[in-house]
Amino acid sequence: MTPQLEISGLTKRFGGLTALSHIDMAVDGGEMLGLIGPNGSGKTTLLNIVSGYYDANGGTLSYEGAPILGRSPHELARLGIGRSFQVTKVFRRLSVLDNMMVAGLSDWRAHRKEAEERAHAILKDLTLDRLAHAPASSLSGGQAKLLEFARIMMLTPKLVLLDEPFGGVHPELKRFMHDHIRAWNEAGVTIVLISHDMGSIFGLCRRVVTLSYGDIICDGTPEETRNDPAVLDAYLGDHHDAA
Ligand SMILES: Nc1ncnc2c1ncn2[C@@H]1O[C@H](COP(=O)(O)OP(=O)(O)OP(=O)(O)O)[C@@H](O)[C@H]1O
Ligand SMILES: [Mg+2]
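For clarity, every value in this text was computed on a predicted model and none was experimentally measured.

**A short note on the packing of aromatic side chains**
Between two aromatic rings, the relevant description is the distance of the centres plus the angle of the planes. Counted under the stated rule, the structure contains three aromatic pairs. Here Y53 and F85 contribute two aromatic rings whose centre-to-centre distance is 5.5 Å and whose plane-to-plane angle is 90°, an arrangement assigned as edge-to-face. Taken together, the residues span a long stretch of sequence, with Y53 in the loop between α1 (43-50) and β4 (58-63) and F85 in the loop between β6 (81-83) and α3 (96-105) at a distance of 32 residues. In this structure F85 comes out as buried when scored by relative accessible area, which is 16%. With a centroid separation of 5.0 Å and 45° between ring planes, the pair formed by F149 and W184 is classed as tilted.

So, in structure tokens, the structure goes:
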């Protein structure tokens, strides 16, 4: 079976810094994959390339068997690749519903009425529907994160890339987010989850890839990852900030 996402020899440099060095990695449709590593190890850079925000300096990237390097974020969203941002991005001056509609109407297949119905259903599912007409600027940090989730779902993605979704989120909301991520995955959506929250990673993911200085140093089960000397060294060594 062809993997849903196949990354080969992917390299990214920023000036003299190699942020990703010949990364090889395959993700099967329906997986829930954790992506971990110390600060600056290249996690967000990898996600930015897969979602079309950054170019690569070398290597190939294929999604559902077709090459996608060089495609725009918009095209990739249409192909079913959704993402969240490490720093939450919502249109603060638009209402919650209009934030959803911006996502929904960028899809040429959607008609306004259907898109609105879909937006309300998703907002309801994420407990945001009563805030549909409030400006996004009035949302709490946690609610803004949920709105970002809601917007991703507007485009019925097949692969969702989540960058640090639990940062600054209180435990109750975090559990709610876990339940939703699990439900998406059970409905067949592939998830790549970046987080420094090891409880969330090891609780949700059956496979974990660890980056250090732009290299994959471990690719295994949560158990294998927890006991891997290279992973322990990357996190505990004095050459990195502790995460
Ligand atoms: N736009 C950019 N310009 C220059 N350097 C960058 C840029 N984006 C990332 N880098 C550098 O690339 C390396 C990898 O950064 P990246 O943001 O991918 O790490 P990360 O694993 O997501 O870290 P964190 O856990 O802190 O979010 C770092 O050294 C970072 O400073
Ligand atoms: Mg990052």
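**Looking at the coordination of the magnesium ion (ligand 2)**
Taken together, the protein ligands of the magnesium ion (ligand 2) are T44 (OG1) and Q86 (OE1), with distances of 2.0 to 2.3 Å. Residue T44 is found in helix α1, and its partner Q86 is found in the loop between β6 and α3; the two are separated by 42 residues along the sequence.

**Description of the site of ligand 1**
In the region of ligand 1, 14 residues are neighbours, and G40, K43, T44, T45 and H196 sit closest. The separation between an oxygen atom of ligand 1 and a polar side-chain atom of Q86 is 2.8 Å. For ligand 1, the accessible surface in isolation is 640 Å², of which the surrounding protein chains cover 64%. Applying the majority rule of atoms within 2 Å of the grid points places ligand 1 in the second largest pocket. Secondary structure elements with two or more residues in the shell around ligand 1: β2 (17-27) and α1. The greatest single-element share of the shell around ligand 1, amounting to three residues, is contributed by α1. For the shell around ligand 1, the residue count by class is five nonpolar, eight polar and one charged.

**Here's the deal with the pattern of salt bridges**
Counted by the stated rule, this structure contains nine salt bridges. Residues E116 and R112 are paired through a salt bridge, measuring 3.4 Å at the closest nitrogen-oxygen approach. Of this pair, E116 and R112 both sit in helix α4 (residues 112-125), four residues apart, which is roughly one turn of the helix. Residue R112 is classed as partly exposed on the basis of its relative accessible area of 44%. A salt bridge links K174 to D197, with the nearest nitrogen and oxygen atoms 2.6 Å apart. With K174 in helix α6 (residues 171-186) and D197 in the loop between β8 (190-194) and α7 (198-204), the pair connects residues that are 23 residues apart, well separated along the chain.

What counts and how
Residues numbered from 1 in each chain as written. Chains lettered and ligands numbered in written order. Predicted model: local features only at pLDDT ≥ 70, side-chain atom pairs only at ≥ 80, totals over all residues. Heavy atoms only, no water. Phe/Tyr/Trp six-rings, centres within 6.5 Å; stacked < 30°, edge-to-face > 60°. Helix = DSSP H or I, 4+ residues; strand = E, 2+ residues; numbered from the N terminus. Buried < 20%, exposed > 50% of the residue type's maximum accessible area, 1.4 Å probe, protein only. Donors = N, O, S within 2.8 Å, 3.2 Å for Na, K, Ca; no water. Near = heavy atom within 4 Å. Polar contact = N/O pair within 3.5 Å; in protein donor to acceptor, adjacent residues only side chain to side chain. Areas by Shrake-Rupley, 256 points an atom, 1.4 Å probe, with all protein chains shown as cover. 1 Å grid on protein atoms, 1.4 Å probe; cavity = no way out; pocket = protein on both sides within 12 Å on 5 of 7 lines; lining within 4 Å. Sits in = over half its atoms within 2 Å of the grid points. Nonpolar A, V, L, I, M, F, W, Y, C, P; charged D, E, K, R; others polar. Salt bridge = Lys/Arg side-chain N within 4 Å of Asp/Glu carboxyl O.

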